[in-house]
Amino acid sequence: MTHPALSTPLTERLGCRYPILQTAMGWVATPQLVAATSNAGAFGFLAGAVIPAEQIEEEILKVKALTDRPFGLNLHMFLPGADHMLDMAIKHGLRAVSYSRSPSAALVSKLKDAGLVCIPTVGAVKHAVAAVKMGADMVTVQGGEGGGHTGNVPTSLLIPQVLDAVKVPVVAAGGFKDGRGLVAALAYGAAGIAMGTRFLMTSDSPVPRATLERYVTSDLTNIIVSTRVDGAPMRMILNETLGRLEKSSIVGRYWTALKSGLAFRKHAGLGYVEMLKSALANARANKLTLAETLMAANSPMLIQRSMVEGHPSEGVLPSGQVAGLIRDLPSAAEVIERIIAEAEARLDALNPSRRDVAAAE
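Here we summarise the structure given alongside this text. Everything quoted here is computed from the prediction, not taken from an experiment. (Residues numbered from 1 in each chain as written. Predicted model: local features only at pLDDT ≥ 70, side-chain atom pairs only at ≥ 80, totals over all residues. Heavy atoms only, no water.)

### Overview of the packing of helix α6 (residues 125-133) against helix α7 (residues 155-165)
One way to put it is that α6 packs onto α7 with a least axis distance of 9 Å and a crossing angle of 35°. In the packing of α6 onto α7, the handedness of the crossing is right-handed. Contacts between α6 and α7 pair Val 125, Ala 128 and Val 129 from the former with Leu 158, Gln 161, Val 162 and Ala 165 from the latter. Residues of the contact of α6 with α7, tallied by class, amount to six nonpolar, one polar and no charged. (Axes fitted to C-alpha atoms, helices over the stretch in contact; angles between N-to-C directions. Helix = DSSP H or I, 4+ residues; strand = E, 2+ residues; numbered from the N terminus. Left-handed = near helix turned anticlockwise from the far one by under 90°. Contact = heavy atoms within 4.5 Å. Nonpolar A, V, L, I, M, F, W, Y, C, P; charged D, E, K, R; others polar.)

Shown next, in the form of structure tokens:
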């Protein structure tokens, strides 16, 4: 029997057994990883942001063929075809949608009316407050330890601030990999944890072995935050490509961005006008400068180079700091089993009377 402290508003709203979310990492959160996560009792998000709109139904059906457990979809609302992707999420009865700060209140209302749980990911108190005002059912809050785009406030300081500022369930992200972290998040008052890097570093991950080796052999000193990829702070493993970008001129970075933008246009099947509209919508929604708008396409294409094509030195390697502490690649089910066993042991140690009752039973 699962410890009662592990039944939270997250498990109740999402229909999963454990209060653990698998985040929607681009190119990584594939149907196989999402299904493996959900089958093991956690809740997986499909990474819709890098899936062409016309393929999203096929990818959703792949997940449904592998699991009968609930799962969700993540996407960027400013991308062409986003409305179609959301219609597919509604049509196929997905449980939740995650997103950044880009949707409108009307769109959130549409999703809620259809029964989907709306869970934006934020990195600051003011963004959490704005998301809840817009109608979010719960918020995932990522501290500075998290991988990919991140802020500079540690999770241990950010989570209590957000909990004091909003009245919806809060999911803690950034720096989590084990049961001790889960219990710590619950002690703060969070409804659960969200993990990306720990699920990336599993045998169910689609990431090629050569790239996974760079994660397994990383340490805390070479996982840094840089703005040189797309203009926004992004935590990554320092590799050859990032090192080159750190030293490159503004002209060199724009040239890389132009090549990435054209490659993403081709991948997404966009026309030049559609691509321009998408870039402008992204800039408006996220208050990007011209430089950041031009560089926005760098992330997905450079991530694809390492995460899909298996060339870790030629792409970038988004990573939470916890990668520097992880040295194995178990299955997603083994990761979840370990976390829950450790969490229950820590909870019992904090409440010996319950342990004794359980033993007597």
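Picking up after the structure, the text goes on.
### Quick look at the pairing of strand β6 (residues 139-142)
Two faces belong to every sheet, and in a regular strand the side chains alternate between them. Burial along β6 is two-sided: the face carrying Val 139 and Val 141 and the face carrying Thr 140 and Gln 142 are both buried. As paired elements, strand β5 (residues 117-122) and β6 share two bridges and run parallel to each other. Opposite Val 122, over in β6, you have Val 141 as the bridge partner. The parallel pair β5 and β6 is bridged by α6, and the resulting crossover is right-handed. As defined by bridge partners, β6 adjoins strand β8 (residues 170-173) across four bridges and the pair is classed as parallel. Counterpart to Gln 142 in the pairing with β8 is Ala 173. (Buried < 20%, exposed > 50% of the residue type's maximum accessible area, 1.4 Å probe, protein only. Pairing = 2+ DSSP bridges. Right-handed = clockwise from strand over helix to strand, strands pointing away.)

### Focus: the environment of Val 335
Among the secondary structure elements, Val 335 is positioned in helix α16 (residues 332-350). The spatial distance from the C-alpha of Val 335 to the C-alpha of Met 201 is 9.7 Å, given a sequence separation of 134 residues.

### Quick look at the sheet that holds strand β7 (residues 148-149)
The three strands are arranged β7-β11-β10 in an open sheet whose pairing can be described as antiparallel. Two strands lie at the open edges of the sheet, namely β7 and β10 (223-226), each paired on one side alone. As paired elements, β10 and strand β11 (residues 234-237) share four bridges and run antiparallel to each other. Counterpart to Ser 226 in the pairing with β11 is Met 234.

### Notes on the packing of helix α3 (residues 56-66) against helix α4 (residues 82-91)
One can describe the packing of α3 onto α4 by two numbers: an axis separation of 9 Å at closest approach and a directional angle of 30°. Put simply, α3 runs roughly parallel to α4. Seen along the crossing, α3 lies across α4 with a hand that is right-handed. Counting all contacts with α3, which are made through Ile 56, Glu 57 and Ile 60, the residues of α4 involved are His 84, Met 85, Met 88, Ala 89 and Lys 91. Here the residues of the contact of α3 with α4 are counted per class, giving five nonpolar, one polar and two charged. (Parallel < 35°, antiparallel > 145°, perpendicular 65-115°, else oblique.)

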